[in-house]
Amino acid sequence: MSTRAGSHRAAASSRWAQAAERRLMPASWLRAVFRQWPLLLVLAVIAIGTYIVADNHFRRGTFIIAGGVCLAAILRAVLPSGVAGLLKVRSRALDLLTLGFLGAGTLIASLIVPPPS
């Protein structure tokens, strides 16, 4: 019985090693990254907004960041769960509620803050 268990363990470790090797291939890694295009798009918009804030344009940058979060909510609402990728955290309703509140709150903050004097 121990030889059977030993051969089963060796086969399982061999399968794990093959799967790990496939995951580390550059082509499959790039495909996995580009499958997350909704998240990459949202992060790009938020990065642009952050750059604009750092360039001393708080209102414009915060408005763009709010737009990025609202874009995440729209993409989560429109895209199927299989395509939404890492934008899918919990249920669709909870994701939409959270992203909607964060986007609306950031938008309101960007409009309420007085300009520098």
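Residues numbered from 1 in each chain as written. Predicted model: local features only at pLDDT ≥ 70, side-chain atom pairs only at ≥ 80, totals over all residues. Heavy atoms only, no water.

Participant: How would you sum up the overall build of the chain? Please name residues and give values.
Facilitator: Scanning the chain from terminus to terminus reveals six helices and zero strands. Each helix and strand of the chain, ordered N terminal to C terminal, gives the series α-α-α-α-α-α. Counting all 117 residues of the chain, 20% fall into the buried class. Sequence separation of 24 or more characterises 51% of the internal contacts of the chain that already satisfy a separation of 6 or more. Here the chain has roughly 8500 Å² of accessible surface; of this, 71% comes from carbon and sulfur atoms. (Helix = DSSP H or I, 4+ residues; strand = E, 2+ residues; numbered from the N terminus. Buried < 20%, exposed > 50% of the residue type's maximum accessible area, 1.4 Å probe, protein only. Contact = heavy atoms within 4.5 Å. Areas by Shrake-Rupley, 256 points an atom, 1.4 Å probe, with all protein chains shown as cover.)

Participant: Can you tell me about the side chain of Ser110, naming the residues and giving the values?
Facilitator: Mapping Ser110 onto the fold places it in helix 6 (residues 92-112). Accessibility expressed as a relative area gives 2% for Ser110, which makes it buried. In this structure the side chain of Ser110 is engaged in a polar contact, spanning 2.7 Å, whose partner is the backbone oxygen of Leu107. Once you skip the residues sitting within four places of it in the chain, Ser110 turns out to touch Arg59, Thr62 and Phe63. (Polar contact = N/O pair within 3.5 Å; in protein donor to acceptor, adjacent residues only side chain to side chain.)

Participant: Just give me the short version of the pattern of salt bridges, but keep the residues and values in it.
Facilitator: Working definition: two side chains of opposite charge can pair if their charged atoms are close together. Per the counting criterion, the structure on display carries one salt bridge. Two residues, Arg76 and Asp95, come together in a salt bridge whose shortest N-O distance is 2.8 Å. Of this pair, Arg76 sits in helix 4 (residues 58-78) while Asp95 sits in helix 6; the two residues are 19 residues apart in sequence, bridging distant segments of the chain. Here Arg76 matches Asp95 in class, with each residue buried. (Salt bridge = Lys/Arg side-chain N within 4 Å of Asp/Glu carboxyl O.)

Participant: Pulling in residues and values, what's your account of a nonpolar patch on the surface?
Facilitator: On the surface, a nonpolar cluster with roughly 440 Å² of combined accessible area is contributed by Trp29, Leu30, Phe34 and Leu40. Broken down by element, the nonpolar patch gets its largest block of residues, three residues, from helix 2 (residues 26-34). Secondary-structure assignment places Leu30 in helix 2. (Patch = residues over 30% accessible without salt bridge, like charges linked within 9 Å, V, L, I, M, F, W, Y side chains within 5 Å.)

Participant: Please set out helix 3 (residues 37-54) residue by residue, giving values where relevant.
Facilitator: The end-to-end C-alpha distance of helix 3 is 25 Å, a good match for the 26 Å that 18 residues give at a rise of 1.5 Å each. Along helix 3, the residues that are buried comprise Pro38, Val42, Gly49 and Ile52. Taken end-on, helix 3 shows its buried residues confined to a sector of 85 degrees, consistent with a single buried face. Facing away from the buried side of helix 3 by over 90 degrees, the exposed positions are Tyr51 and Ala54. Once helix 3 ends, the next one or two residues include Asn56, with phi positive near 75 degrees. (Expected span 1.5 Å × (residues − 1). Arc of directions from axis to C-beta.)

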